[in-house]
Amino acid sequence: MNHTMTEAAQFKDRTRVQWDEAAAGWDRHGPQIRAWLRGPTDAMLAMAGVGPGQNVLDVAAGAGDQTLDIAARVGAEGAVVASDISEGILMHALGNAVRAGHANVRTHPADAEDLGLPDATFDAAVCRLGLMFLPDPLAGLREIHRVLKPGARFCAMVFAGPDMNPCLRILMSTALRHAGLPPRDPFQPGGLVSLGKPGLMDDLMARAGFRNVATTRMEAPFLWPTTADYLTFNRESAGPILQILAPLDAAARAAAWDDMQAQLDAYQSAEGWVGPNTLLLTAGQK
Ligand SMILES: C[S@@+](CC[C@H](N)C(=O)[O-])C[C@H]1O[C@@H](n2cnc3c(N)ncnc32)[C@H](O)[C@@H]1O
């Protein structure tokens, strides 16, 4: 194994642990995540052409919120494979599917860069807020392209760049500063907004072999009653931020969250807390 491969493997090990630990929190906030991403999720499924009777791959499925929507759209004649690097979070996805009465969902623990699924298997694929966590997103896109049938469509949802996502920028930069770490290039692979650089997703999709590639920008503001509620959500489910703060003692961690709160209070008004958030939806066809 060369140096770079070792680093990527270590990064993925940390990612897996991070999301195993954040799994319960992400799942607990399912209703808020669902409301936040309702419109963009419908758009993503439409752009991927998800419809009745299809066999659909859901990459980095997490606790399976969008999996449930896919399961409903493909119906009993169709099927969904919910794949994720974290087995812990997939247990929530399966539980949620069973509780919702969807017998057409199966889980598949796998790294998106190495899905371990046969060629040309799926009629459509989606990846909601997962692709940016891959150290090599082009490898992931090539892998998704490989498992799609000819003509099948794929749509990815990622965060736009740091200028359009000030809350994510505040969370990340404050966590790094309190952890005594240097600022990170926001476009460094694996980072929250790393695929938000204008034109990057289109370029990667085309290089992975997709045709008819197009990106749509969508506003999806975070709405919470107060700044504290938004921070509670992050304290319980924001894997990448939690990982940066993990080495700090309780008092130092609390100071970091207080600092974030002071900055994020700028988005509080009498009507509630409204955090600007912009998403990119990029679709293409095999
Ligand atoms: C922000 S969550 C999104 C989950 C879900 N798609 C949603 O929108 O609710 C990101 C997910 O990406 C998964 N992930 C990160 N790196 C991955 C990789 N290399 N391969 C597969 N999944 C990965 C994490 O385990 C986590 O479940």
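What counts as what
- Residue indices follow the written sequence of each chain, beginning from 1 at its first position.
- Owing to the predicted nature of the model, reporting of local features is limited to residues with pLDDT of at least 70; listing and counting of side-chain atom pairs is limited to 80 or more, with chain, interface and lining totals taken over all residues.
- Heavy atoms from the whole structure form the basis of all side-chain values; hydrogens and water molecules are not counted.
- A run of H or I in DSSP becomes a helix once it reaches four residues, and a run of E becomes a strand once it reaches two; helices and strands are each numbered from the N terminus.
- The reference for a compact globule is 2.2 Å times residues^0.38; the radius of gyration itself is calculated from the C-alpha atoms.
- Type-normalised accessible area, obtained with a 1.4 Å probe on protein chains alone, sets the label of each residue: buried when under 20%, exposed when over 50%, and partly exposed for intermediate values.
- Any two residues having at least one pair of non-hydrogen atoms within 4.5 Å are treated as being in contact.
- Methods summary: accessible areas were calculated by the Shrake-Rupley approach with a probe of 1.4 Å, and residue burial reflects only the protein chains presented.
- Residues scored as charged are limited to Lys and Arg (positive) and Asp and Glu (negative), so that His and the chain ends carry no count.
- Charge placement uses NZ in Lys and CZ in Arg. For Asp and Glu, CG and CD serve respectively.
- To estimate how far a helix should reach, multiply one less than its number of residues by 1.5 Å.
- When we speak of the arc, we mean the arc of directions from the helix axis to the C-beta atoms.
- Any pair of nitrogen or oxygen atoms within 3.5 Å is treated as a polar contact; in protein, a donor-acceptor pairing is required on top of that, and neighbouring residues in sequence qualify only through side-chain atoms on both sides.
- Two strands qualify as a pair provided that DSSP identifies no fewer than 2 bridges between them.
- Angles shown run from 0 to 180 degrees and are taken between the N-to-C directions of axes, each axis being a line fitted to C-alpha atoms and, for helices, limited to the stretch in contact.

**A look at the overall build of the chain**
- Assigned secondary structure in the chain consists of eleven helices and ten strands.
- The C-alpha radius of gyration of the chain comes to 18 Å, within 12% of the 19 Å expected for a compact globule of 286 residues.
- In terms of overall dimensions, the chain has C-alpha extents of about 50 × 45 × 30 Å along its principal axes.
- The buried share among the 286 residues of the chain stands at 51%.
- Put simply, of all contacts in the chain between residues at least 6 apart along the chain, 81% involve residues at least 24 apart.
- Total accessible area computed for the chain in this model is approximately 12,200 Å², and 57% of it derives from carbon and sulfur atoms.
- Distance from the positive charge centre (24 side chains) to the negative charge centre (31 side chains) of the chain: 4 Å.

**Topic: unusual backbone geometry**
- Backbone geometry at A60 places phi at a positive 55°, although glycine is not the residue there.
- Considering the arrangement of structural elements, one finds A60 in the loop between β1 (55-59) and α4 (65-74).
- A relative accessible area of 23% places A60 in the partly exposed class.
- Backbone geometry places L129, a non-glycine residue, at a positive phi of 50°.

**Regarding helix α11 (residues 250-264)**
- For α11, spanning 15 residues, the distance from its first C-alpha to its last is 21 Å, which sits close to the expected 21 Å at 1.5 Å a residue.
- The set of residues buried in α11 consists of A256, W257, M260 and L264. Looking straight down α11, one finds its buried side chains confined to an arc of 95°; they lie on one side. Residues A251, D258 and A262 are exposed on α11 and point more than 90 degrees away from its buried face.
- Capping the start of α11, D249 holds a side-chain oxygen 3.2 Å from the backbone nitrogen of A251, two or three residues further along.

**Section: helix α9 (residues 227-237)**
- Among the residues of α9, T227, Y230, L231, F233, N234 and S237 are the ones counted as buried. The arc enclosing the buried residues of α9, seen along the axis, measures out at 150°, which places them on a common side.

**Section: the sheet that holds strand β3 (residues 105-109)**
- Spatially, seven strands are ordered β3-β2-β1-β4-β5-β10-β6 in an open sheet, and the strand pairing comes out mixed. In this open sheet, the two strands that pair with only one neighbour each are β3 and β6 (211-219). The sheet shows a mean angle of 15° between the axes of neighbouring strands, direction not considered.
- Taken together, the four bridges between β1 and strand β2 (residues 79-84) define a ladder with parallel strand orientation. Looking across to β2, one finds that N55 is bridged to A79.
- Seen against the sheet, α4 touches β1, β2, β3 and β4 (122-128) and runs at an angle of roughly 165° to β2.
- Here helix α5 (residues 87-99) sits on the sheet in contact with β2 and β3, set at roughly 180° to β3.

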